[in-house]
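If you want the building blocks of each chain, they are given just below.
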Amino acid sequence: MQWTVLSDNRSCNPALETEHGLSILLATEQHKILLDTGASDVFIRNAELLGVDLNDVDSVFISHGHSDHAGGLRYLLESNRQARTAFKVIVSPDAMSGRFFSKRGNLHSITTEWPEIDDNRLVLTDQTCEIAKGIYVIAHIPQMHPMPKGNKNLYVQDAHGDYIHDDFRHELALYVDGLLFSGCAHSGLENILAACPWPVHTVVGGFHLLDGQETDEEIKALAQRLTERYPETQFYTSHCTGDMVYEVMKGVMGEQLLSFRCGTVISQL
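Calculation criteria
- Residues numbered from 1 in each chain as written.
- Predicted model: local features only at pLDDT ≥ 70, side-chain atom pairs only at ≥ 80, totals over all residues.
- Heavy atoms only, no water.
- Helix = DSSP H or I, 4+ residues; strand = E, 2+ residues; numbered from the N terminus.
- Rg over C-alpha atoms; globule rule 2.2 N^0.38 Å.
- Buried < 20%, exposed > 50% of the residue type's maximum accessible area, 1.4 Å probe, protein only.
- Contact = heavy atoms within 4.5 Å.
- Areas by Shrake-Rupley, 256 points an atom, 1.4 Å probe, with all protein chains shown as cover.
- Lys, Arg positive; Asp, Glu negative; His and termini not counted.
- Charge placed at Lys NZ, Arg CZ, Asp CG, Glu CD.
- Phe/Tyr/Trp six-rings, centres within 6.5 Å; stacked < 30°, edge-to-face > 60°.
- Axes fitted to C-alpha atoms, helices over the stretch in contact; angles between N-to-C directions.
- Parallel < 35°, antiparallel > 145°, perpendicular 65-115°, else oblique.
- Left-handed = near helix turned anticlockwise from the far one by under 90°.
- Nonpolar A, V, L, I, M, F, W, Y, C, P; charged D, E, K, R; others polar.
- Salt bridge = Lys/Arg side-chain N within 4 Å of Asp/Glu carboxyl O.

**Overview of the overall build of the protein chain**
Step number 1: Regarding its fold elements, the protein chain presents seven helices and 18 strands.
Step number 2: For 269 residues, the compact-globule estimate of 2.2 N^0.38 gives 18 Å, and the C-alpha radius of gyration of the protein chain, at 17 Å, lies within 12% of that figure.
Step number 3: With the C-alpha coordinates of the protein chain rotated into their principal frame, the extents come out at 50 × 50 × 40 Å.
Step number 4: By residue count, 55% of the 269 residues in the protein chain fall in the buried class.
Step number 5: Taking the contacts inside the protein chain whose residues are at least 6 apart along the sequence as the reference set, 69% of them involve residues at least 24 apart.
Step number 6: With an accessible surface of roughly 11800 Å², the protein chain has 47% of that area assigned to carbon and sulfur atoms.
Step number 7: In the protein chain, 20 positive and 36 negative side-chain charges are present, and the distance between their average locations comes to 1 Å.

**A look at the packing of aromatic side chains**
Step number 1: Considering all chains together, one arrives at seven aromatic pairs under this definition.
Step number 2: Pairing F101 with Y163 gives two aromatic rings, centres 5.0 Å apart and planes at 80 degrees, and the pair type is edge-to-face. Here F101 is found in strand β6 (residues 100–102), whereas its partner Y163 is found in strand β12 (residues 163–165), with 62 residues between them in sequence.
Step number 3: When its relative accessible area of 8% is taken as the criterion, F101 is described as buried.

**Things to note about the packing of helix α6 (residues 216–229) against helix α7 (residues 243–253)**
Step number 1: Orientation of α6 relative to α7, taken along the N-to-C sense of each, is 45 degrees, at an axis distance of 9 Å. Taken as axis vectors, α6 and α7 run oblique relative to one another. Crossing of α6 over α7 shows right-handed handedness. From α6, D216, I219, K220, L222, A223, Q224, L226 and T227 reach across to α7, where they touch V245, V248, M249, V252 and M253.
Step number 2: Of the residues in the contact of α6 with α7, the class split is nine nonpolar, two polar and two charged.

**Quick notes on the pattern of salt bridges**
Step number 1: One pass over the full model with this rule turns up nine salt bridges.
Step number 2: One salt bridge connects D41 with R45, and the closest N-O pair in it is separated by 2.6 Å.
Step number 3: Among the ionic pairs, D167 bridges to R169, the shortest N-O distance being 3.0 Å.
Step number 4: Of the residues examined, D167 reaches a relative accessible area of 35% and is grouped as partly exposed.
Step number 5: In this structure R169 comes out as partly exposed when scored by relative accessible area, which is 47%.
Step number 6: A single network of salt bridges, built from pairs that share partners, joins E17, D41 and R45.

The structure is reproduced here in C-alpha cells:
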C-alpha cells in the first residue's frame, strides 16, 4: 500500500502548489483510488510534477459535498477521457443534492459544482457497505462522541431556502486494507472510528479541529482518548487540522501522530 498527497493546504516541496483542499492517491495491490479531488485542478498539476499517473485510477471517493474536497472532480473527468479505465465515482446522494454554506467570515457557498457523470461511473451510497471488492464505505456515522466545534459555522439550505446547521449526513469515510480515510472528519474522528467495524492500523485525513475552537484541555483529552482506545493505530493529519491543534495533540500522542503535506508519500506493508 502506498499513498501520495496531491493537494493540501501545506507542502513539503516548493515546486508543488497548495490550496485549501485535500486529495490523496491511494494505491494497493488491487486498487488505485483517488481520495477526494481538492478544490481545483491543483491535484492534477501536482500529480504531473510528481510523476504520478492518474489515468489508471479505478475509483474516485468523495468524502462529502464541500467544494474543497470535490471541486476538482470536473477537471479529472475532462482529463480522463483518454484514460485506460472508466473510474467509478463513489459519493453520497446527499452530497450531490445538498446546498452547503459557511458563515466563517461572510456567508458564502461551499457547494460543489457537480459535473455531468455517466450513470455507469456513478456509485451512490448512503449506507455502510462493501462498495467494491476490498473497498468499504462508512455512512450515516452515529454522533455518540463530541462533534468538532468548527461545525457551528457550517450550514445547509433546506427546501424553503432557510439555513440550518449541517448534520453531515452527506459525509462518508473509506476503509481499505486497514487504512481509514476520514476526509474532513466533520462527524468527529472518534465517531468515525467507532462506526468502523474493521481493524484500523492507519487513519489519514483532516480532523476538522480548527485553531481557536476547542480549548487546549479538550484537545489534550481527545488525544489521550485516542492513544488509550487505539494504541496500535497510526494517525496522519493536515488540511483542516490547525497548526496549534496539531502541536497540542502531538505533545500527547508523540510519534503516533504525524503530519502530511503536498508531496508526502507513505509506503506501508
